[in-house]
Amino acid sequence: MKLSVAIITFNEDRIIEKTLSSVYDIADEIVVIDSFSTDRTVEICQKFSKVKLIQQKFPGFGKQKNFAISQCSGEWILFLDADEIPDETAKKSIQKIANQNHSDFSVFNIAFNNIFLGKSLKYGGWGNLKRERLFRKNAGKYSEDIVHEMFLTEEKIGLLEGKLNHYTYKDIHHHIEKSNKYTTMMAEKMYSRGKKSSVLKIIFSPIYQFIKSYFIRLGFLDGLVGYYAAKTAGFYTFLKYQKLYELHKVKK
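Residues numbered from 1 in each chain as written. Predicted model: local features only at pLDDT ≥ 70, side-chain atom pairs only at ≥ 80, totals over all residues. Heavy atoms only, no water.

J.: Would you take a moment to explain the packing of helix H5 (residues 172-192) against helix H7 (residues 223-250) for this structure?
T.: Each packed pair of helices is defined by two parameters, the angle between the axes and the distance between the axes. It is at 8 Å that the axes of H5 and H7 come closest, and there the two elements cross at 40 degrees. It follows that H5 is oblique to H7 by the angle criterion. In the crossing of H5 with H7, the sense of the turn from one axis to the other is right-handed. Here H5 contributes Ile172, His175, Ser179, Asn180, Tyr182, Thr183, Thr184, Met186, Ala187, Glu188, Met190 and Tyr191 to the contact with H7, which in turn contributes Tyr228, Thr232, Tyr236, Leu239, Lys240, Tyr241, Lys243, Leu244, Leu247 and His248. (Axes fitted to C-alpha atoms, helices over the stretch in contact; angles between N-to-C directions. Helix = DSSP H or I, 4+ residues; strand = E, 2+ residues; numbered from the N terminus. Parallel < 35°, antiparallel > 145°, perpendicular 65-115°, else oblique. Left-handed = near helix turned anticlockwise from the far one by under 90°. Contact = heavy atoms within 4.5 Å.)

J.: Looking at this model, I keep getting lost on the packing of aromatic side chains. Mind explaining?
T.: On inspection of all chains with the given rule, the structure shows 18 aromatic pairs. When the centroid spacing of 5.6 Å and the interplanar angle of 80 degrees are considered together, the rings of phenylalanine 61 and tyrosine 182 count as edge-to-face. Placement of phenylalanine 61 in helix H3 (residues 61-70) and of tyrosine 182 in helix H5 is noted, with a sequence separation of 121 residues between them. Since its relative accessible area comes to 14%, phenylalanine 61 is described here as buried. Judged by centre distance (5.1 Å) and plane angle (85 degrees), the ring pair of tyrosine 214 and phenylalanine 215 falls under edge-to-face. (Phe/Tyr/Trp six-rings, centres within 6.5 Å; stacked < 30°, edge-to-face > 60°. Buried < 20%, exposed > 50% of the residue type's maximum accessible area, 1.4 Å probe, protein only.)

J.: Just to check I follow, could you spell out the pattern of salt bridges for this structure?
T.: Two side chains of opposite charge can pair, provided their charged atoms sit close to one another. A full pass over the atoms with the stated rule returns 12 salt bridges. One salt bridge connects lysine 47 with glutamate 17, and the closest N-O pair in it is separated by 3.2 Å. Taken together, the residues span a long stretch of sequence, with lysine 47 in the loop between helix H2 (41-45) and strand E3 (51-55) and glutamate 17 in helix H1 (residues 16-23) at a distance of 30 residues. Lysine 47 sits in the exposed class, given a relative accessible area of 52%. The class for glutamate 17 is partly exposed, based on a relative accessible area of 33%. Connected via shared salt-bridge partners are Lys65, Asp81, Glu84, Arg133 and Glu149. (Salt bridge = Lys/Arg side-chain N within 4 Å of Asp/Glu carboxyl O.)

J.: Please clarify how the pairing of strand E6 (residues 107-116) should be interpreted in this entry.
T.: Moving residue by residue along a regular strand, the side chains alternate between the two faces of the sheet. The element E6 is extensively covered by neighbouring structure, given that 10 of its 10 residues are classed as buried. With eight bridges joining them, E6 and strand E11 (residues 157-167) adopt parallel strand pairing. Paired with asparagine 113 across the two strands is asparagine 165, which belongs to E11. Sheet topology places E6 next to strand E7 (residues 119-120); two bridges connect them, and they run antiparallel. Counted as the bridge partner of phenylalanine 116 is lysine 119 from E7. Between E6 and E7, which pair antiparallel and follow one another directly, the connecting turn spans two residues, one of which, leucine 117, has a positive phi of 55 degrees. (Pairing = 2+ DSSP bridges.)

Here's what the structure looks like:
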């Protein structure tokens, strides 16, 4: 088997059908690890014959992704978040690498097209993102962080042609909901690593994050959505430090 596509899911029915459809023709199998979704995610996945669906309690992003890797049978693994869809150029590049006998690289980055509230963001730290998404099965694994996990590898990293279209959030409510969830996990991760918060960090870190996103990284060039993205980056920073501060108080 040449190419496995791996995805972890929880309540992704807004987009999972489009994601599965986009890779169905290039994948030999699609491994979906679901954290007991309560919407139509499982029902949608079961419509695709190539999908191998496994439900498992969510232990954190890093561990869940490594479990998904362990369930893949392909020589190559394309790891996607449920809201990431490769464009046609990327699909052809992935297919070409998976089908050739030799590759100069065992791990490939791909550039992101981050679509935020309907707009492709080019600035503010969103426009130049690349992530490891295609790799040989034994070429690396994810750190076991509960959130903001990293792909760990000692291999040289190439660059795929094309982009991943990343449909970040359905609307503002969805964004706030996910930010609340992720900042809770981020505070727990920071606490477990001995990180501390303070009143000064709670006040000034969000201000600096906004300045960095909106002015230093030119987020203002993305218009109103760029302003909103910078403001919410600051709010995310505020929430994680506030929650970390509260966590230390509770666990004293």
